[in-house]
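Next come the chains, spelled out residue by residue.
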Amino acid sequence: MATTILNLPDDELIHPGNRACAGCGLSIIYRIGLKAIGRDTILVVPPSCLTVMQGLYPIAATQLPCLNVTFASTAAAATGVVAALKAQGRENTKVVAWAGDGGTSDIGIQALSGACERGEDFLYICYDNEAYMNTGVQRSGTTPQGVLTTTTPVIGKLQKSKNVPAIMAAHGLNYIATASASYPLDLYDKIKKAMGMPGTKYMHVHTPCPSGWGFDPRYSVKIGKLAVETGIFDLYEIENGEFRLTGPSKKLTPSKLKPVTEYFDTQSRFRALKEDQIASIQAGIHEKWDNY
Ligand SMILES: Cc1ncc(C[n+]2csc(CCOP(=O)(O)OP(=O)(O)O)c2C)c(N)n1
Ligand code: SF4
Ligand SMILES: [Mg+2]
């Protein structure tokens with residue numbers, strides 16, 4: 001049965017107060033995600049807003065042991081931690097790699113692909129705020145086309161975003177899921193399910209970022225929901241090769257999709273988009289949903 005706010009565990013694995021910006025979607029998913037992950041877990045985290053948010057010992061925000069590793073090596077380091085635990089006979093202790101979109105779609109993809117191909121036993125969570133935020137909003141492989149960052153031309157990013165869950169699907173993993181900071185209970189249930197499965201599991205979490213996307217922090221949850229309601233970000237699972245839409249995406253049909261401009265208008269990063277570009281993005285969303 002789906003988790004509700006009433007049966008979410010009370011155990012808090014982050015301390016109150018951390019260094020994330022106000023309204024940060026990452027702080028929502030980290031708080032709820034750790035409840036699903038549980039205490040007997042070692043985290044592996046590359047440079048990102050998450051390392052800043054956690055802070056350094058002895059004032060770290062996280063109560064779990066965490067290995068901070070170099071940008072490119074997250075999945076390789078997680079592989080090593082799994083092997084070390086096995087050598088110590090501690091196979092009940094789980095390993096979770098938690099990285100940003102830059103650290104996943106660009107810099108860490110080679111190590112991640114290798115670990116997936118070998119079927120290493122850990123969960124990899126990519127929180128996608130759609131740019132390198134920690135260092136000042138540089139474009140990443142998942143930054144959407146037309147978005148303004150500090151390293152895109154004045155007309156916005158020229159290229160389309162990289163579909164990382166599809167790349168993971170090509171590795172034939174047992175479990176792949178998307179989730180959103182705006183639907184934390186759906187995120188909780190998916191992490192819980194992934195933690196109980198063998199092999200490499202991958203989750204891709206859409207994570208609104210007020211500082212990098214250009215909106216008032218009070219609207220983070222609303223904007224994440226708009227991404228789902230307009231069909232630009234879809235919630236789904238691929239379990240043992242079987243694809244299914246989940247949660248609010250399951251209830252959507254092409255005729256129920258909100259116009260994508262409702263999402264774009266909430267964020268200054270989309271201000272360079274021209275009408276013909278918006279029409280083309282809207283057509284692409286409808287085509288995707290027609291295929292669903
Ligand atoms: C090899 C290397 N290059 C660059 C950096 C600087 N750096 C630290 S965090 C970061 C941005 C990470 O972006 P992302 O993975 O999307 O996470 P976010 O900051 O958005 O949370 C960069 C470029 C670094 N630490 N190591
Ligand atoms: S820059 Fe964005 S992702 Fe990073 S802490 Fe601030 S709101 Fe969160
Ligand atoms: Mg990022």
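Everything below is about the structure printed above this text.
A brief look at the structure comes next. (Residues numbered from 1 in each chain as written. Chains lettered and ligands numbered in written order. Predicted model: local features only at pLDDT ≥ 70, side-chain atom pairs only at ≥ 80, totals over all residues.)

Thoughts on the overall build of the protein
Okay, step 1: Each helix and strand in the protein was counted, giving twelve helices and eight strands.
Okay, step 2: Computed over the C-alpha atoms, the radius of gyration of the protein is 18 Å, within 12% of the 19 Å expected from 2.2 N^0.38 for a compact globule of 292 residues.
Okay, step 3: Taking the principal axes of its C-alpha atoms as reference, the protein extends roughly 60 × 40 × 40 Å.
Okay, step 4: Per-residue burial over the protein gives 47% buried out of 292 residues. (Helix = DSSP H or I, 4+ residues; strand = E, 2+ residues; numbered from the N terminus. Rg over C-alpha atoms; globule rule 2.2 N^0.38 Å. Buried ≥ 20, exposed ≤ 12 C-beta atoms within 10 Å, placed from the backbone.)

Thoughts on the site of ligand 1
Okay, step 1: By nearness alone, 14 residues border ligand 1, and C49, G100, G102, M133 and N134 come closest of all.
Okay, step 2: Counting residues per element, the shell around ligand 1 draws most heavily on helix α4 (residues 101–106), at three residues.
Okay, step 3: Its residues assigned to classes, the shell around ligand 1 comprises five nonpolar, eight polar and one charged. (Near = placed C-beta within 6 Å. Nonpolar A, V, L, I, M, F, W, Y, C, P; charged D, E, K, R; others polar.)

What to know about the site of ligand 2
Okay, step 1: The environment of ligand 2 is formed by 13 residues, the closest being C21, C24, C49, M133 and C209.
Okay, step 2: The element that contributes the greatest number of residues to the shell around ligand 2 is helix α8 (residues 210–213), accounting for three residues.
Okay, step 3: Of the residues that constitute the shell around ligand 2, the class distribution is nine nonpolar, four polar and no charged.

Quick notes on the packing of helix α3 (residues 74–87) against helix α5 (residues 109–118)
In a packed pair of helices, the relevant descriptors are the angle between the two axes and the axis-to-axis distance.
Okay, step 1: Viewed as axis vectors pointing N to C, α3 and α5 meet at an angle of 40°, and their least axial separation amounts to 6 Å. In terms of orientation, α3 and α5 fall into the oblique class. Only A111, L112, G114 and A115 of α5 make contact with α3, whose side of the interface consists of T74, A75, A76, A78 and T79.
Okay, step 2: Looking at the contact of α3 with α5 residue by residue, the classes come out as six nonpolar, three polar and no charged. (Axes fitted to C-alpha atoms, helices over the stretch in contact; angles between N-to-C directions. Parallel < 35°, antiparallel > 145°, perpendicular 65-115°, else oblique. Contact = placed C-beta atoms within 7 Å.)

Topic: the sheet that holds strand β5 (residues 175–180)
Picture the strands of a sheet paired through backbone hydrogen bonds; they go either parallel or antiparallel.
Okay, step 1: If you walk across this open sheet you meet the eight strands as β2-β1-β3-β4-β6-β5-β7-β8, and the pairing is mixed. For this open sheet the edge positions go to β2 (66–68) and β8 (242–245), each flanked by a neighbour on one side alone. Ignoring which end each strand starts from, the neighbouring axes of this sheet average 20° apart.
Okay, step 2: The pairing of strand β7 (residues 236–239) with β8 spans four bridges and is antiparallel. Residue pairing across strands places E239 opposite E242, the latter belonging to β8.
Okay, step 3: Taken strand by strand, α3 contacts β1 (41–45), β2, β3 (94–100) and β4 (123–128), and its axis lies near 170° from that of β3. (Pairing = 2+ DSSP bridges.)

Thoughts on α3
Okay, step 1: With 14 residues, α3 extends 20 Å from end C-alpha to end C-alpha; this agrees with the ideal 20 Å at 1.5 Å per step.
Okay, step 2: Residues of α3 that are buried: T74, A75, A77, A78, T79, V81 and V82.
Okay, step 3: Among the residues trailing α3, G89 stands out with phi positive, at a value near 70°. (Expected span 1.5 Å × (residues − 1).)

Remarks on the packing of helix α1 (residues 25–37) against helix α7 (residues 184–195)
Okay, step 1: Contact pair α1 / α7: the axes reach a minimum separation of 8 Å and the direction vectors enclose 35°. Judged by the twist between their axes, the crossing of α1 over α7 is right-handed. Along the contact surface, α1 presents I28, I29, I32, G33, K35, A36 and I37, while α7 presents P184, L187, Y188, I191, K192 and M195.
Okay, step 2: Grouping the constituent residues of the contact of α1 with α7 by class yields ten nonpolar, one polar and two charged. (Left-handed = near helix turned anticlockwise from the far one by under 90°.)

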